[in-house]
Amino acid sequence: MSPRTTHALAPFSGLYGAIVAARLALYRAGIFKTHRINAPVISVGNLTTGGTGKTPLVAWLARAVAREGRSPCVLTRGYGRADAHRRVVVSDGARVLAEAREGGDEPRLLAEALSGLAAVVSDADRVAAAHWAMENLRSDAFILDDGFQHLRLARDLDVVTIDATNPWGGAHLLPRGRLRERRSGLRRADCVVVTRAELAADLAVLRAEIAPLTEAVVLTAQTRTLGLRTLGGDELAHAVEQPVAAFCGVGNPQAFFAHLRADGHTLVHTRAFPDHHPYTPEELTHFVREAVRHGARTLLTTAKDGVKLRAQDFALPVYIVEVELQFDYPEALLTLVRQALSTKTPPA
């Protein structure tokens, strides 16, 4: 975005900020109702649009809740799905029931990653979805995906992710920048997780910027590669033929490409598609043609993209980069999770 365009959008950012502030005030005054359910709710969200590493954190939290003897359910809006108004049970906790197009790419990814541990439900009305899951899936704890600004559902733990590679989204509210609300909103958080800490320009400076904004516990997490998996495959490999071409449709594609370079891959061609992009055979064929022209021997993409690509044919081998979060102090987050779970006892 050019400086002239950015400046022209300033009045719209001011209007957006006024609307956000008014909405928060209406919730604080009780004019907009917040619904509390009879089960603990852990929210994962952020201040900015785009990818901040929420999905691996949602999976981490769901696994932690399951280890505490609960039956968790991930509640998500399911961005990019065919019908945003329909409730889709992507997983009932035992079986994956919906494809990415129907339930959303991130919900499908979570359903596969948490198979046997957690249910996943895509629904714009997270309050209604929670009541349904308690009654029909016997869920007794909830992970609210992308929930920091979703104030209709009360939560027992509010976790906010901040991407170390672009923490403040250009320092302006939408549409001039990527901030969904002002940085002062961090005071509502119980825990702040700085993601992609391994790619931070200066982690100490970022911590110093966060400190006066919140009294929350501040943790850092690195994105660690578990291995590389072929499309539709189960076994992980740790090396592929170089050089490689990489593509993705995620909120922060440059962080993905930087992660690959830090892992030692030789990238000769990259392509960033829009977040939640529905790939067509034609554009994939064009990308592969360009990758070959640049000398690539292998293609790399994200797990989020991989759930949408299994029916596609590629002229080069395609590998999914499987990652996980590695916390500097996981015990601190586990303590907060246990405190949240203790607020409501599971039904007998």
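All of these numbers come straight from a predicted model, not from anything done at the bench.

Definitions and cut-offs
- Residues numbered from 1 in each chain as written.
- Predicted model: local features only at pLDDT ≥ 70, side-chain atom pairs only at ≥ 80, totals over all residues.
- Heavy atoms only, no water.
- Helix = DSSP H or I, 4+ residues; strand = E, 2+ residues; numbered from the N terminus.
- Rg over C-alpha atoms; globule rule 2.2 N^0.38 Å.
- Buried < 20%, exposed > 50% of the residue type's maximum accessible area, 1.4 Å probe, protein only.
- Contact = heavy atoms within 4.5 Å.
- Areas by Shrake-Rupley, 256 points an atom, 1.4 Å probe, with all protein chains shown as cover.
- Axes fitted to C-alpha atoms, helices over the stretch in contact; angles between N-to-C directions.
- Parallel < 35°, antiparallel > 145°, perpendicular 65-115°, else oblique.
- Left-handed = near helix turned anticlockwise from the far one by under 90°.
- Nonpolar A, V, L, I, M, F, W, Y, C, P; charged D, E, K, R; others polar.
- Salt bridge = Lys/Arg side-chain N within 4 Å of Asp/Glu carboxyl O.
- Phe/Tyr/Trp six-rings, centres within 6.5 Å; stacked < 30°, edge-to-face > 60°.
- 1 Å grid on protein atoms, 1.4 Å probe; cavity = no way out; pocket = protein on both sides within 12 Å on 5 of 7 lines; lining within 4 Å.
- Points joined across faces, edges and corners; volume = space filled by probe spheres on them.
- Pairing = 2+ DSSP bridges.
- Right-handed = clockwise from strand over helix to strand, strands pointing away.

What should I look at first to understand the overall build of the protein in this one?
Check the secondary structure of the protein and you find eleven helices and 13 strands. The C-alpha atoms of the protein give a radius of gyration of 20 Å, which matches the 20 Å a tight globule of 348 residues would have. Projecting the C-alpha coordinates of the protein onto the three principal axes gives extents of approximately 60 × 50 × 40 Å. Here the protein, with 348 residues, has 51% of them falling under the buried criterion. Sequence separation of 24 or more characterises 75% of the internal contacts of the protein that already satisfy a separation of 6 or more. Carbon and sulfur atoms make up 52% of the accessible area of the protein, which amounts to about 15,900 Å² in all.

Where do I start with the packing of helix H3 (residues 54-67) against helix H11 (residues 330-341) in this structure?
Any two packed helices are characterised by the angle at which their axes cross and by the distance between the axes. Between H3 and H11, whose axes approach to 10 Å, the crossing angle comes to 60°. Of the possible angle classes, the one that applies to H3 and H11 is oblique. In the packing of H3 onto H11, the handedness of the crossing is right-handed. Together, Leu 57, Trp 60, Leu 61, Ala 64, Val 65 and Arg 67 of H3 and Pro 330, Leu 333, Leu 334, Val 337 and Leu 341 of H11 make up the contact between the two elements. Broken down by class, the residue content of the contact of H3 with H11 amounts to ten nonpolar, no polar and one charged.

It is not clear to me how the pattern of salt bridges should be interpreted in this structure. Could you clarify?
When their charged atoms lie close together, side chains carrying opposite charge are able to pair. Scanning the entire structure with this criterion turns up 22 salt bridges. Lys 304 is the partner of Glu 106 in a salt bridge, and the nearest nitrogen-oxygen pair spans 2.9 Å. A residue pair is termed long-range when its members are at least 10 positions apart, and Glu 106 in helix H5 (residues 105-113) and Lys 304 in helix H10 (residues 303-306) qualify at 198 residues. For the pair formed by Glu 106 and Lys 304, the shared burial category is buried. Linked through salt bridges whose partners overlap, the residues forming this network are Glu 99, Arg 108, Glu 112 and Arg 310.

Explanation requested: the packing of aromatic side chains in the structure shown.
The description of an aromatic ring pair rests on the distance of the ring centres and on the angle between the ring planes. All chains considered together, the criterion is met by seven aromatic pairs. Centre to centre, the rings of Phe 247 and Phe 314 are 6.4 Å apart; their planes meet at 35°, and the pair counts as tilted. Placement of Phe 247 in strand S10 (residues 244-248) and of Phe 314 in the loop between H10 and strand S13 (318-327) is noted, with a sequence separation of 67 residues between them. Given a relative accessible area of 0%, Phe 247 falls into the buried group. Owing to a relative accessible area of 19%, Phe 314 belongs among the buried residues under this scheme.

Explain the layout of surface pockets to me, please; I cannot follow it from the model alone.
Roughly 430 Å³ of volume is contained in the second largest pocket. In terms of residue count, the dominant contributor to the lining of the second largest pocket is helix H2 (residues 10-28) (six residues). Looking at the lining of the second largest pocket residue by residue, the classes come out as eight nonpolar, four polar and nine charged.

Would you take a moment to explain the packing of H3 against H5 for this structure?
Between H3 and H5, the shortest axis-to-axis distance is 10 Å and the interhelical angle comes to 35°. In this structure, H3 meets H5 at a crossing whose hand is right-handed. Of the residues in H5, those touching H3 at Thr 55, Val 58, Ala 59 and Arg 63 are Glu 106, Leu 109, Leu 110 and Ala 113. Residues belonging to the contact of H3 with H5 are distributed by class as follows: five nonpolar, one polar and two charged.

Sorry, what's going on with the environment of Val 288 here?
In this fold, Val 288 is placed in helix H9 (residues 281-293). As for Val 288 and Thr 298, which are separated by ten residues in sequence, their C-alpha atoms are 9.7 Å apart. The residues touching Val 288, leaving out its near neighbours within four places in the chain, are Leu 299, Phe 314, Ala 315 and Leu 316.

It is not clear to me how the environment of Gly 103 should be interpreted in this structure. Could you clarify?
Within the element layout of this structure, Gly 103 appears in helix H4 (residues 100-103). On the basis of relative accessibility, which here comes to 0%, the residue Gly 103 falls in the buried class. Sequence separation between Gly 103 and Gly 80 is 23 residues; the distance between their C-alpha atoms is 8.4 Å. Apart from the residues within four sequence positions on either side, Gly 103 is in contact with Gly 78, Arg 81, Val 88, Val 90, Ala 98 and Ser 122.

What is the right way to read the pairing of S10 from this model?
Note on strand geometry: in a regular strand, side chains alternate between the two faces of the sheet. Here S10 lies mainly inside the structure; five of its five residues are buried. Side chains of S10 alternate between two faces, with Val 244, Ala 246 and Cys 248 and Ala 245 and Phe 247 buried alike. Judged from the five bridges that link them, S10 and strand S11 (residues 267-272) form a sheet pairing that is parallel. Across the sheet, the residue bridging to Ala 245 is His 269, located in S11. After leaving S10, the chain enters helix H8 (residues 253-262) and then returns to the sheet as S11, a path that is right-handed. Sheet analysis places S10 next to strand S12 (residues 298-302), joined by three bridges and oriented parallel. By the bridge assignment for S12, Ala 245 is matched with Leu 299.

What is shown is where atoms sit, not what they do.
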